[in-house]
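Residue-level structure breakdown
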Amino acid sequence: MRVFISADIEGISGVVDGSQTSEQGFDYGRARRLMTGEVNAAVEGALAAGATEVVVNDSHGSMRNILIEELHPEAKLITGGPKPLTMMEGIDGGFDAAFFVGYHARAGTRGVLNHTISGKVVAGISLNGRTYGECGVNAALAGRFGVPVVLVTGDSMTAAEAQSVLPGVRTVAVKEQRARLAARCLQPEKARHLIRAAAAEAVRVAVPNGEVKPMVVGTPAVFEIRFHNTGMADMAELVPGARRVDDLTLSFGHDDLIVAFRALRAMIYLAGVI
Ligand SMILES: [Zn+2]
């Protein structure tokens, strides 16, 4: 049993603010330690339930957040970026399940630190007509390789979003939003206890019973991306094959989800130039 973990930081208990999520922030060091702790809890749960290999992909910002010297000794870490599949780098058809740890709600919903991929340029993303956050987009990438996402942790809005996208998924809500930059948080030990238990239960029960199906999107895979201003959309339109839907929105479709995803990322990078 091989388990892939994509780990973000905005959905970790105690993390509510840019001073914790940015490398320049004064509280970043504590946040990355809290992130490493919740990732370890997920690793411990998976191993206790019989996982034989756990690969962790650091998925936030520079993608060099997790403290490798404090990581569970049995886990392997993909660190650094940019990397081709970004938050899903390292996924392949040999994994039996994926976990999303420390995830956050999509742009435009009221979850803690909500955004989708890039808060700076992206107002919203849809795939084949349905709006998704990072949870949905990354679950689709896992599904492309036949891998089900069986556990998602983050705030309560993220848990609800995951359940609507992935029927049967196990979720752990480690905090509840009071405002975009404020939350009522579980103490980290409590959050880790719940994550450990849910990870074990997911591996022991949900995976062998096939309770969560790999997310499958139709063909072609068509991303629509809405930007914050028209200058960003102008830049994104430089991607060959991108289609201007309206002043702020572009679309890109391809039979292979991975190709469409690459175009999505290229549009976001270009939009970020201005
Ligand atoms: Zn992040």
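Residues numbered from 1 in each chain as written. Predicted model: local features only at pLDDT ≥ 70, side-chain atom pairs only at ≥ 80, totals over all residues. Heavy atoms only, no water.

What about the overall build of the chain?
Scanning the chain from terminus to terminus reveals seven helices and 12 strands. What you see for the chain is a C-alpha radius of gyration of 18 Å, in line with the 19 Å of a compact globule of 274 residues. Structurally, the chain occupies a C-alpha span of about 50 × 40 × 30 Å along its principal axes. Counting over 274 residues, the chain shows a buried share of 56%. Distance between charge centroids for the chain: 3 Å, based on 27 positive and 29 negative side chains. (Helix = DSSP H or I, 4+ residues; strand = E, 2+ residues; numbered from the N terminus. Rg over C-alpha atoms; globule rule 2.2 N^0.38 Å. Buried < 20%, exposed > 50% of the residue type's maximum accessible area, 1.4 Å probe, protein only. Lys, Arg positive; Asp, Glu negative; His and termini not counted. Charge placed at Lys NZ, Arg CZ, Asp CG, Glu CD.)

Quick look at helix H4 (residues 156–165)
For H4, every residue scored as buried is listed here: Thr-158, Ala-159, Glu-161, Ala-162 and Val-165. One side of H4 holds all its buried residues, which, seen down the axis, span an arc of 165 degrees. At its buried positions, H4 is contacted by strand S4 (97–103), strand S6 (130–132), helix H3 (134–144), strand S7 (149–155) and strand S8 (170–179). Two or three places before Met-157, at the start of H4, stands the capping residue Asp-155, its side-chain oxygen 3.2 Å from that residue's backbone nitrogen. (Arc of directions from axis to C-beta. Contact = heavy atoms within 4.5 Å. Polar contact = N/O pair within 3.5 Å; in protein donor to acceptor, adjacent residues only side chain to side chain.)

Quick look at the nonpolar core
Taken as a class, soluble globular proteins show a tendency for nonpolar side chains to be buried jointly. In terms of nonpolar packing, the biggest core is built from 50 residues, with Val-152, Leu-166, Phe-223, Ile-225, Phe-227 and Met-267 touching the most fellow members. Here this core takes nine residues from helix H7 (residues 257–271), the largest share from any one element. Shared between two domains, this core holds at least three residues of each, these being domain 1 (2–115 + 134–206) and domain 2 (221–271). Formed by 41 residues, the second largest nonpolar core is a distinct cluster that contains Ala-49, Val-54, Val-112 and Leu-151. (Core = buried A, V, L, I, M, F, W, Y, C linked by side-chain atoms within 4.5 Å. Domains from an automatic or database assignment.)

Quick notes on the domain arrangement of the chain
Annotation of the chain at the domain level lists domain 1 (2–115 + 134–206) and domain 2 (221–271). A separation of 26 Å is found between the C-alpha centroids of domain 1 and domain 2. At the interface, 10 residues of domain 1 touch seven residues of domain 2. Counting the surface lost from both domain 1 and domain 2, the interface buries some 720 Å², and carbon and sulfur atoms represent 73% of this. Joining domain 1 to domain 2, the criterion identifies one salt bridge. Across the salt bridge formed by Arg-144 and Asp-256, the nearest N and O atoms sit 3.1 Å from each other. When grouped by side-chain class, the residues that make up the side of domain 1 that touches domain 2 number seven nonpolar, one polar and two charged. (Buried area = accessible area lost by both parts, 1.4 Å probe. Salt bridge = Lys/Arg side-chain N within 4 Å of Asp/Glu carboxyl O. Nonpolar A, V, L, I, M, F, W, Y, C, P; charged D, E, K, R; others polar.)

Thoughts on the sheet that holds strand S10 (residues 221–227)
What holds strands together in a sheet is hydrogen bonding between their backbones, with the strands either parallel or antiparallel. With antiparallel pairing, the five strands of this open sheet are ordered in space as S6-S5-S10-S12-S11. This sheet does not close on itself; its edge strands, each paired only once, are S6 and strand S11 (243–246). Within this sheet the neighbouring strands show an average axis-to-axis angle of 30 degrees, counted without direction. Summarising the sheet, strand S5 (residues 122–127) and S6 pair through three bridges and their orientation is antiparallel. Among the inter-strand pairings, Ile-125 is bridged to a residue of S6, identified as Tyr-132. Strands S5, S10 and strand S12 (249–254) of the sheet are contacted by H7, whose axis makes an angle of about 15 degrees with S10. (Pairing = 2+ DSSP bridges. Axes fitted to C-alpha atoms, helices over the stretch in contact; angles between N-to-C directions.)

Regarding the coordination of the zinc ion
Coordination sphere of the zinc ion, protein contribution only: Asp-8 (OD), Glu-10 (OE), Glu-10 (OE) and His-60 (ND1), at 2.0 to 2.6 Å. Geometry at the zinc ion is irregular, judged from the four donor atoms that bind it and their angles of 54 to 133 degrees at the metal. All donors of the zinc ion belong to a single chain; written as a sequence motif, their spacing is D-x1-E-x49-H. Pair noted here: Asp-8 is in the loop between strand S1 (2–7) and helix H1 (18–21) and His-60 is in the loop between strand S2 (53–58) and strand S3 (75–78), with a separation of 52 residues, a long-range link. (Donors = N, O, S within 2.8 Å, 3.2 Å for Na, K, Ca; no water. Tetrahedral: all angles 85-135°; square planar, octahedral: opposite > 155°, others 65-115°.)

Quick word on the side chain of Glu-10
By the secondary structure assignment, Glu-10 is in the loop between S1 and H1. An unpaired buried charge is present at Glu-10: no salt bridge exists, and Arg-180, the closest side chain of opposite charge, is 7.8 Å distant. One polar contact links Glu-10 to His-60, side chain to side chain, over a distance of 3.3 Å. The contact partners of Glu-10, leaving out residues within four places of it in the chain, are Val-15, Thr-21, His-60, Gly-102, His-104, Val-112, Leu-113, His-115 and Lys-175.

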